[in-house]
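# Summary of the model geometry
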Amino acid sequence: MQAVLILLLVTALTACATPRQVPPDIQVSSALPDGVFGSHAIAFLTPSTSGGQEDDKQSLAFAFATTLTEARPEVRVVTLAQTLGAVNRAGMTRDYERMYEGFRATGVLDRKVLAKLRGITGARFFALLQLGDFHREAGARALAPGLAADTERARIRLFLQVWDSIDGTVAWEGLNEAVYSSDTPDEKTVSFRSVVERAAGDLIALLP
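Parameters and conventions
- Residues numbered from 1 in each chain as written.
- Predicted model: local features only at pLDDT ≥ 70, side-chain atom pairs only at ≥ 80, totals over all residues.
- Heavy atoms only, no water.
- Helix = DSSP H or I, 4+ residues; strand = E, 2+ residues; numbered from the N terminus.
- Buried < 20%, exposed > 50% of the residue type's maximum accessible area, 1.4 Å probe, protein only.
- Areas by Shrake-Rupley, 256 points an atom, 1.4 Å probe, with all protein chains shown as cover.
- Salt bridge = Lys/Arg side-chain N within 4 Å of Asp/Glu carboxyl O.
- Axes fitted to C-alpha atoms, helices over the stretch in contact; angles between N-to-C directions.
- Parallel < 35°, antiparallel > 145°, perpendicular 65-115°, else oblique.
- Left-handed = near helix turned anticlockwise from the far one by under 90°.
- Contact = heavy atoms within 4.5 Å.
- Arc of directions from axis to C-beta.
- pLDDT = per-residue confidence, 0-100.
- Polar contact = N/O pair within 3.5 Å; in protein donor to acceptor, adjacent residues only side chain to side chain.

### Quick look at the overall build of the protein
Within the protein one finds 6 helices and 7 strands. Along the protein, helices and strands appear, N-terminal first, in the series α-β-β-β-α-β-α-α-α-β-β-β-α. Looking at the protein residue by residue over its 208 residues, the buried ones come to 39%. For the protein, the accessible surface area stands at approximately 11600 Å², while carbon and sulfur atoms represent 55% of it.

### Details of the environment of Lys112
Note on placement: Lys112 falls in helix α5 (residues 111-121). Overall, Lys112 belongs to the exposed group, its relative accessible area being 67%. Separated by 54 residues in sequence, Lys112 and Ile166 have C-alpha atoms that sit 9.6 Å apart.

### Observations concerning the pattern of salt bridges
Side-chain pairing between opposite charges can occur once the charged atoms of the two side chains come close. Enumeration over the complete set of coordinates arrives at 7 salt bridges. Here Arg72 makes a salt bridge to Glu74, at a shortest N to O gap of 2.6 Å. Its relative accessible area of 13% is what places Arg72 among the buried residues. Taking relative accessible area as the criterion, Glu74 reaches 43% and is therefore assigned partly exposed. Where Glu101 meets Arg94, a salt bridge forms, and the shortest distance between an N and an O atom there is 3.6 Å. Look at Glu101 and you get partly exposed, because its relative accessible area is 33%.

### Focus on the packing of helix α2 (residues 57-71) against helix α6 (residues 192-204)
Axes are the key here: two packed helices are described by the angle between their axes and the distance separating the axes. Interaxial distance between α2 and α6 falls to 9 Å at its minimum, and their mutual angle equals 45 degrees. In terms of orientation, α2 and α6 fall into the oblique class. Both α2 and α6 take part in a crossing whose hand is right-handed. Residues Ser59, Leu60, Phe62, Ala63, Phe64, Thr66, Thr67, Leu68 and Ala71 of α2 form the contact with α6, whose own contacting residues are Phe192, Arg193, Val196, Glu197, Ala200, Gly201, Leu203 and Ile204.

### Brief notes about helix α3 (residues 80-89)
Restricting attention to buried positions, one finds in α3 the residues Leu80, Thr83, Ala86 and Val87. Angular distribution of buried residues about the axis of α3 spans 130 degrees; they occupy a single face of the element. Exposed side of α3, more than 90 degrees from the buried face: Ala81, Asn88 and Arg89 are the residues found there. Buried residues along α3 sit against β2 (42-44), α2, β4 (77-78), α4 (93-106) and α5. Two residues or fewer after α3 comes Gly91, characterised by a positive phi angle close to 70 degrees.

### Some words on the confidence of the model for the protein
Scored by pLDDT, the protein has a mean of 81; 75% of the residues are at 70 or more. Predicted confidence is poor over residues 1-20, with pLDDT under 50, and the contacts of this stretch with residues over four places away or in other chains come to 5 contacts.

### Description of the environment of Ser59
For Ser59, the location among the structural elements is in helix α2. By relative accessible area, Ser59 is classed as partly exposed at 33%. Between the C-alpha atoms of Ser59 and Val196, which are 137 residues apart in sequence, the distance is 9.2 Å. Within the local environment of Ser59, its side chain forms a polar contact with the backbone oxygen of Asp56, the two atoms lying 3.1 Å apart.

Laid out in structure tokens, this is it:
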């Protein structure tokens, strides 16, 4: 009986120690212990985009925050709209702008500004999204001789950094470079939001 209990204990410890599998399209670097987001809120900052996607900043942050809320209901999420509202109410618009000017030049978010943002949002962690690429195309896929289906494909490169406002460090970061596709009309159209939600879900699954 004792041997059986020892074997069960070893099996349980081995299962707990098994590293989370990272898909080949995703790269992750983490300095956070498991479960840390359960006791600390995370707030979204204004994303950065390129390749003509500048108008999609708001929808990018909205889709990601919505996916995070649904996937991790125990985490208090401060949306981008809530963050910007808090910034405006606190008269921190210029500080927020300067932080982004500094980030574009150095890749660093000012620790003092992050501390102020923590004070007005109640969030310890801040999510900074960067959309490096989004490209969508349509085509046809052969199903059988003389039979084809319309296919939509979308390629996305989405980068997430989670900054810790306590010490001003990058606590977690992940890069998702993936291609998503669907055959219409049987599947949903590959829209910008649907692709972001799928890419977000893949990243969120790897958060501690």
